[in-house]
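Here is how the chains run, residue by residue.
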Amino acid sequence: MAVSDVTFDVLVAPGTSLPPSGQGGGERWRIAFPRSAEVADKNDGGQAVVMTRYRSAVMTLTALQDDAAHTVMRRLHTRQAAGERLAGGQASLVLSGETVRWGAYTITQPADIVSASSVQTVTWEIALQDVTITPGA
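Model, not experiment: these values are computed from the prediction.

Quick notes on the rules
Residues numbered from 1 in each chain as written. Predicted model: local features only at pLDDT ≥ 70, side-chain atom pairs only at ≥ 80, totals over all residues. Heavy atoms only, no water. Helix = DSSP H or I, 4+ residues; strand = E, 2+ residues; numbered from the N terminus. Buried < 20%, exposed > 50% of the residue type's maximum accessible area, 1.4 Å probe, protein only. Contact = heavy atoms within 4.5 Å. Areas by Shrake-Rupley, 256 points an atom, 1.4 Å probe, with all protein chains shown as cover. Polar contact = N/O pair within 3.5 Å; in protein donor to acceptor, adjacent residues only side chain to side chain. pLDDT = per-residue confidence, 0-100. Core = buried A, V, L, I, M, F, W, Y, C linked by side-chain atoms within 4.5 Å. Pairing = 2+ DSSP bridges.

A. Region of interest: the overall build of the protein chain. Per the secondary structure count, the protein chain includes one helix and 10 strands. Secondary structure elements in the protein chain, listed N-terminal to C-terminal, are β-β-β-β-β-β-α-β-β-β-β. When each of the 137 residues of the protein chain is scored for burial, the buried share is 28%. A separation threshold of at least 6 residues defines the contact pool for the protein chain, and within that pool the share at least 24 residues apart is 60%. Surface accessibility of the protein chain: about 8300 Å² in total, with carbon and sulfur atoms responsible for 51%.

B. Just the environment of T132, in detail. In this structure, T132 sits in strand β10 (residues 132-134). Given a relative accessible area of 36%, T132 falls into the partly exposed group. Residues T132 and Q90, spaced 42 residues apart in sequence, show a C-alpha to C-alpha distance of 9.4 Å. The contact partners of T132, leaving out residues within four places of it in the chain, are R55, T99, V100 and R101.

C. Inspection of the environment of Q129 at higher detail. Tracing the backbone through its elements, the reader meets Q129 in strand β9 (residues 121-129). Residues Q129 and G103 lie 26 residues apart in sequence; the distance between their C-alpha atoms is 6.0 Å. Excluding residues within four positions of it along the chain, Q129 makes contact with R55, W102, G103, A104, Y105 and T106. A polar side-chain atom of Q129 sits 3.4 Å from the main-chain amide nitrogen of Y105.

D. Seen up close, the confidence of the model for the protein chain. The pLDDT averaged across the protein chain works out to 78; a share of 78% of its residues lies at or above 70. Looking over the protein chain, one finds the lowest element-wise mean pLDDT in strand β5 (residues 47-51), namely 73, and the highest in strand β8 (residues 99-109), namely 90. Across residues 1-6, confidence stays below pLDDT 50; counting only partners more than four residues off in sequence or on other chains, it has 12 contacts.

E. Spatial organisation of the nonpolar core. Residues I31, L76, W102, Y105, I126 and L128 are the most contacted members of the largest nonpolar core, which totals 24 residues. Sorting the residues of this core by element identifies β1 (10-13), β3 (29-32), β6 (56-64), α1 (68-81), β7 (86-92), β8 and β9 as the ones contributing at least two each.

F. Representation of the pairing of β8 in the model. Bridging between β7 and β8 involves six bridges; their strand directions are antiparallel. Looking across to β8, one finds that A91 is bridged to V100. Pairing geometry for β8 and β10, over three bridges, is antiparallel. Paired with T99 across the two strands is T134, which belongs to β10. As paired strands, β8 and β9 are joined by five bridges and run antiparallel to one another. In the sheet register, Q109 faces β9, and the bridge partner there is E125.

G. Representation of unusual backbone geometry. Located in the positive-phi region is D130, a residue other than glycine, with phi close to 55°. Within the secondary structure, D130 sits in the loop between β9 and β10. Overall, the relative accessible area of 42% leaves D130 in the partly exposed class.

Below is the structure:
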């Protein structure tokens, strides 16, 4: 197995473990954080750097259309569309050893529905709230 394979990463959303997607290894999901610092102009002409803590993030989940992870995400999106607030989740990153947890999330961009005779890659976009990061040991 190549070092870059992420087949042992674990992603759990409201108590539901999302099965591995993209069985060939490579990137299955990505969590992107907002900028951690902003520069603001001060009245005296100088600049101040304001550090912000990560409290939100955007997660992108990429799966093959016939992956179990895509099916689970469709079920979660149906629950959200019915008015349920999707709460709690975590992702464990095998390469860095970090764990990312969130208190709630919203599926902001469901995957496209694709009619194809061959397997297609689909992408889900999820907004995470109340995000915390635990460093690896």
